Amino acid sequence: MEHALVRPPSNALRRAVVGNAAGPPPDPVRARMQHAAYVAALRDLGVVVKVLPPAEEEPDACFVEDQAVVYAGIAVITRCGHPARRPEAGAIADALAVVLPLVRMEAPATLDGGDVLPVGRTLFVGRSRRTNAAGIAFLREVMAPRGIAVREVPVPAGTLHLQSVCSALDDDTVLLARGTVPAVALPGVARILEVPAEEAYAANAVAVGEDVLLPAGYPVTARRVAEAGYRVHPLPMDAFRAADGALTCLSLRW
Ligand code: CIR
């Protein structure tokens, strides 16, 4: 990864779509601090980060990952599974069109980028409440000529996105929360690092080479990732967790 696109949260984050998170609504002030630390961590690791202006009327706009799949030299602008999130796509498409060829997913297809787990020449795509068969088929059609396989993975009930429970650390390694997606659903992945069930949130990490951004407060996972040879950078993420968001959701990376 050399480039990332991000969008800081606005005060509208208080009205974010929340299905799984329990507790008080997300705090935008805290979220902005955590977002700034996330951007700083990416830049410290040499990533060129483009920061879009916050969207005052779009509560979930900071979760840019859901609006596109950027892979193999193309940007697929998705059609989010939650209708309230579809207006977010415009600004993302405008920003990506400057740097990449772009195609747009059309109805009835739906797909959230959070359902896409890229591992080398394969995109594992979660079939979830947000991502339907037509969305997966569209992605397969776009990626096939580029030599990228698209493989469907059922997302367990009660889980928002495939990447809510797993993420790739490199072309061979996936961090996976125990008791969620079975490892057999990810054929060809050479190494699975298991995250204990009580730390499932920490299965969503962002890797930049051998450096791994991990949510702060998950010591067993941090140790396991470090023992596997990566440098761990813990980042507080509670303000985003309150809106069902995690580390990967906050950026589009390529
Ligand atoms: C939503 O429900 O769509 C947002 N509140 C959270 C989106 C998180 N995105 C992601 O995991 N890729």
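We now turn to the structure provided with this report.

Parameters at a glance
Residues numbered from 1 in each chain as written. Predicted model: local features only at pLDDT ≥ 70, side-chain atom pairs only at ≥ 80, totals over all residues. Heavy atoms only, no water. Core = buried A, V, L, I, M, F, W, Y, C linked by side-chain atoms within 4.5 Å. Buried < 20%, exposed > 50% of the residue type's maximum accessible area, 1.4 Å probe, protein only. Helix = DSSP H or I, 4+ residues; strand = E, 2+ residues; numbered from the N terminus. Contact = heavy atoms within 4.5 Å. Near = heavy atom within 4 Å. Areas by Shrake-Rupley, 256 points an atom, 1.4 Å probe, with all protein chains shown as cover. Nonpolar A, V, L, I, M, F, W, Y, C, P; charged D, E, K, R; others polar. Pairing = 2+ DSSP bridges. Axes fitted to C-alpha atoms, helices over the stretch in contact; angles between N-to-C directions. Right-handed = clockwise from strand over helix to strand, strands pointing away. Salt bridge = Lys/Arg side-chain N within 4 Å of Asp/Glu carboxyl O.

## Comments concerning the nonpolar core
Here's step 1: Counting residues in each nonpolar core, the largest one holds 28 residues, and the members touching the most others are Tyr38, Leu42, Phe63 and Leu213.
Here's step 2: Of all the secondary structure elements, the ones that give two or more residues to this core are β1 (3-6), α1 (28-44), β12 (206-208) and α5 (238-241).
Here's step 3: A per-element tally of this core places α1 first, with five residues.
Here's step 4: If we ignore the near neighbours within four places in the chain, the residues touching Leu42 are Met1, Ala4, Val47, Val49, Val206, Val208 and Leu213.
Here's step 5: Membership of the second largest hydrophobic core comes to 27 residues, among which are Val155, Leu176, Val181 and Val225.

## Considerations on the site of the ligand
Here's step 1: The immediate surroundings of the ligand are formed by 13 residues, with Val17, Asp60, Asp66, Ala243 and Cys249 found nearest.
Here's step 2: The fraction of the free accessible surface of the ligand (340 Å²) that becomes covered by protein chains is 98%.
Here's step 3: Tallied by class, residues from the shell around the ligand come to four nonpolar, three polar and six charged.

## Focus on the sheet that holds strand β9 (residues 166-168)
Here's step 1: Taken in spatial order, the three strands make up an open sheet running β9-β10-β11, and their pairing is mixed. At either margin of the open sheet sits one strand with a lone partner, and together these are β9 and β11 (191-195). Taken pair by pair, the neighbouring strands of this sheet meet at an average axis angle of 20 degrees, ignoring direction.
Here's step 2: The pairing of strand β10 (residues 173-177) with β11 spans five bridges and is parallel. In the strand pairing of β11, Leu176 is matched with Glu194.

## Topic: the pairing of strand β14 (residues 231-235)
Here's step 1: Pairing geometry for strand β13 (residues 211-215) and β14, over five bridges, is parallel. Residue pairing in the sheet places Asp211 in a bridge with Arg231 of β14.
Here's step 2: The handedness of the β13 to β14 crossover, carried by helix α4 (residues 219-227), is right-handed.

## Considering the pattern of salt bridges
Here's step 1: Within this structure, the stated rule accounts for nine salt bridges.
Here's step 2: Between Arg85 and Asp66 there is a salt bridge; the shortest N-O distance is 2.6 Å. Placement of the pair is Arg85 in the loop between β4 (74-77) and α2 (89-97) and Asp66 in the loop between β2 (48-51) and β3 (68-71), with a sequence separation of 19 residues.
Here's step 3: With a closest N to O distance of 2.9 Å, Arg231 and Asp211 form a salt bridge. Of this pair, Arg231 sits in strand β14 while Asp211 sits in strand β13, placing them 20 residues apart in sequence.
Here's step 4: Under the relative-accessibility criterion, Asp211 is labelled buried at 10%.
Here's step 5: Look at the salt bridges and you will find they share partners, linking Asp66, Arg85 and Glu88 into a network.

Taken by themselves, the reported measurements are silent on function.
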